[in-house]
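Take a look at the letters that make up each chain.
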Amino acid sequence: NGTGVSGLPDVDFYGQPRTSGLSLDIGATEYQNTQEFYPSVEGIFYVRSAADGLPQGTGSSWNSPILEVIYAMQAAKEYKEKNPAKDVQVWIAKGTFNVSTSLPLAEGVHIYGGFAGTETSVDQRSKVSGGEFWDFSNEVVLDGQNSTQIMSQSVNFNTETYIDGLTFKNANSSSNGGGIYALAKTMVQYCKFIDCKASNGGGVYFNNATGAKVIYSYFKGNSGTNGGAIFSDNSSPRVENCHIESN
């Protein structure tokens, strides 16, 4: 049938299509995300917290932001697949974003946090006076709510893909990689990993991660059976200028 799942009707209780995009909800009604997202002419998807008071937008500017990180990353992934030569970025302004499903990394889609919501360049992000490399004035927290892996990579990348200026907090994965599950060419920099848990690699788990790195980042209070902060499996990631304590 239309759901692609045997035994389920094509529509929900209200007659709406039983699938929205590639997702299928459990229950009598299906959530319909009909908003069209697209980037700026420079290939940037903008994200702001709903606490800023702006309505859901297209993602093409700070004044028309996407309000959920998951929507922005999915939209950026789809856009990159259709425009492989385009430089694609996701810019996230200050705030805490609860993560209930692992955020999908995509090759060539660079994720940057630490914005106030007015910048026109990554270099305009403000740092805490007297702070460390990872201390942004406008902190962006991705909170796994002690139940979710925050970010994951499903295939090896051939080009370097950056994760920059984010705080990963309260991740909890029953498998590997609480904060990030990373494969080849994932580049983590200026990030913080706090109180993240996983079977292995509470903060970051590198698996066959050729050419990967984590630099100028902070790890505290993370835990795992092996590698509370970082676990490297069949990998030689570059780890430099990081502060690792009490993991």
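**Q** Would you take a moment to explain the layout of surface pockets for this structure?
**A** If a probe the size of a water molecule is rolled over the atoms, the empty space left behind becomes visible. Volume-wise, the second largest pocket comes out at about 170 Å³. Lining the second largest pocket are K77, K80, E81, P84, L105, A106, E107, S154, V155 and F157. In terms of residue class, the lining of the second largest pocket is built from 5 nonpolar, 1 polar and 4 charged.

**Q** Please clarify how the sheet that holds strand β3 (residues 95–98) should be interpreted in this entry.
**A** Pairing in this open sheet of 6 strands is parallel, and the strands run β3-β6-β9-β12-β15-β18 from one edge to the other. Either end of the sheet is taken by a strand with one partner, and the two such strands are β3 and β18 (243–245). For this sheet, the mean inter-axis angle between neighbouring strands, taken without regard to orientation, is 15 degrees. In this structure, β3 lies alongside strand β6 (residues 140–143), joined through 4 bridges in parallel fashion. Bridging across to β6, T96 finds its partner in V141.

**Q** Help me understand the side chain of D164 in this model?
**A** Relative to the assigned elements, D164 resides in strand β8 (residues 161–164). Classification of D164 as buried rests on a relative accessible area of 2%. A distance of 2.8 Å separates the side chain of D164 from the side chain of R125, its partner in a polar contact. The contact partners of D164, leaving out residues within four places of it in the chain, are I111, Y112, G113, R125, F136, Q189, Y190 and C191.

**Q** Before we go on, may I ask you to explain the environment of G224 in this structure?
**A** Structurally, the position occupied by G224 is in the loop between β15 (218–220) and β16 (230–233). The spatial distance from the C-alpha of G224 to the C-alpha of C196 is 8.6 Å, given a sequence separation of 28 residues. Residues in contact with G224, not counting those within four places in the same chain, are A198 and S199.

Conventions and cut-offs
Residues numbered from 1 in each chain as written. Predicted model: local features only at pLDDT ≥ 70, side-chain atom pairs only at ≥ 80, totals over all residues. Heavy atoms only, no water. 1 Å grid on protein atoms, 1.4 Å probe; cavity = no way out; pocket = protein on both sides within 12 Å on 5 of 7 lines; lining within 4 Å. Points joined across faces, edges and corners; volume = space filled by probe spheres on them. Nonpolar A, V, L, I, M, F, W, Y, C, P; charged D, E, K, R; others polar. Pairing = 2+ DSSP bridges. Helix = DSSP H or I, 4+ residues; strand = E, 2+ residues; numbered from the N terminus. Axes fitted to C-alpha atoms, helices over the stretch in contact; angles between N-to-C directions. Buried < 20%, exposed > 50% of the residue type's maximum accessible area, 1.4 Å probe, protein only. Polar contact = N/O pair within 3.5 Å; in protein donor to acceptor, adjacent residues only side chain to side chain. Contact = heavy atoms within 4.5 Å.

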